[in-house]
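Structural overview
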Amino acid sequence: MENSQKVAVITGAGQGIGKGIAKRLAHDGFAIVLSDMNEEVLNATVNEFKEQNINAASFVGDVSKQQDQKTLVKTAVDHFGRVDVFVNNAGIDQVSPLTDVEPAKLEKLFQVNVFGVLYGIQAAAEQMKKQETGGKIINACSIAGHRGFAMLGIYSASKFAVRALTQVAAQELAKNKITVNAYCPGIVGTGMWDRIDAAMVGYMGLQKGEAFKKFAEDIALGRTQEPEDVANFVSYLASPDSDYMTGQSVMIDGGIVYN
């Protein structure tokens, strides 16, 4: 069906940063399509949104599968008639010295963090080109996409790859009035950082919570991030205010990495 309301699609939107982004974009006036692999968490978030009178739809999907990303876009078009913003938020972590990286875990991380972003770019760009109205593709990078961190080597490598995809997609899609940018969070108090902290306990001989605290000590602004801190910046990237910005992967980390 046709709808004059702009539409934003967010992957990994059931919880954490993705949920925060979805809430903010809904506040900004977008109809929202939330996608996540975890059906239970996704349904709970969709129900919460609908109780708040947010115009929302959902799709249970795996970003590492190209067809799922295409079906996600089709779901958005079936519900709302268009896609104006596509946020490749879904991602996973892996904590390990490089010497201990196992092939299966390496492949899984790249399938989600790199292949998933590429498939999202492809699916979103195809629909945005059909619409001939331009659009905004926004990717989840990380401070680890600007600087390699010990114990987070393959995660860092995957996020460096996201920066490359962001730069190249921006160049290739500019003629279609599609901008492509990325946000690079730092230390956010979400489930991902709980898992990173727990994994580092075993490798580094730390107590629970100590790895998180150790990383957080380097933040110039003196506090860890909330999902809303990231969502506020994504709101800018999704808005007309960022129309002249493309190909950038911007740190939003409270002051950890400077470049």
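- The chain carries the name diacetyl reductase [(S)-acetoin forming] in an unreviewed UniProt entry, which gives Paenibacillus residui as its organism.
- Note on the chain: under the UniProt heading Sequence similarities (unreviewed entry), the record states "Belongs to the short-chain dehydrogenases/reductases (SDR) family."
- Of the comments in the UniProt record for the chain, the one headed Function (unreviewed entry) reads "Catalyzes the irreversible reduction of 2,3-butanediol to (S)-acetoin in the presence of NADH."

1. Focus: the packing of helix α4 (residues 103-131) against helix α5 (residues 153-173)
- For the pair α4 and α5, interaxial distance at closest approach is 9 Å and the crossing angle is 15°. By the angle class used here, α4 and α5 are roughly parallel. For the element pair α4 and α5, the recorded crossing hand is right-handed. Across from Leu106, Leu109, Phe110, Asn113, Val114, Val117, Leu118, Ile121, Ala125 and Lys129 in α4, the residues of α5 making contact are Ile154, Tyr155, Ala157, Ser158, Lys159, Ala161, Val162, Leu165, Ala169 and Leu173.
- The class makeup of the residues in the contact of α4 with α5 is 16 nonpolar, 2 polar and 2 charged.

2. Section: helix α8 (residues 227-238)
- Look at α8: 16 Å from first C-alpha to last across 12 residues, which is about the 16 Å you get at 1.5 Å a residue.
- Listed as buried for α8 are Pro227, Val230, Ala231, Phe233, Val234, Ser235, Leu237 and Ala238.
- For α8, the secondary structure elements touched by its buried residues are α1 (16-27), β4 (85-88), β5 (135-140), β6 (178-185) and β7 (249-252).

3. Things to note about helix α2 (residues 39-51)
- Here α2 spans 18 Å end to end across 13 residues, near enough to the 18 Å set by a 1.5 Å rise per residue.
- As for α2, its buried residues are in contact with α1, β2 (31-36) and β3 (56-60).
- Residue Asn38 occupies the N-cap position of α2, its side-chain oxygen lying 3.2 Å from the main-chain nitrogen of Glu40.
- Following α2 by one or two positions, Asn53 adopts a phi angle in the positive range, close to 60°.

Reading the values: rules and limits
- Residues numbered from 1 in each chain as written.
- Predicted model: local features only at pLDDT ≥ 70, side-chain atom pairs only at ≥ 80, totals over all residues.
- Heavy atoms only, no water.
- UniProt positions renumbered as here; feature names shortened; annotations may be inferred.
- Axes fitted to C-alpha atoms, helices over the stretch in contact; angles between N-to-C directions.
- Helix = DSSP H or I, 4+ residues; strand = E, 2+ residues; numbered from the N terminus.
- Parallel < 35°, antiparallel > 145°, perpendicular 65-115°, else oblique.
- Left-handed = near helix turned anticlockwise from the far one by under 90°.
- Contact = heavy atoms within 4.5 Å.
- Nonpolar A, V, L, I, M, F, W, Y, C, P; charged D, E, K, R; others polar.
- Expected span 1.5 Å × (residues − 1).
- Buried < 20%, exposed > 50% of the residue type's maximum accessible area, 1.4 Å probe, protein only.
- Polar contact = N/O pair within 3.5 Å; in protein donor to acceptor, adjacent residues only side chain to side chain.

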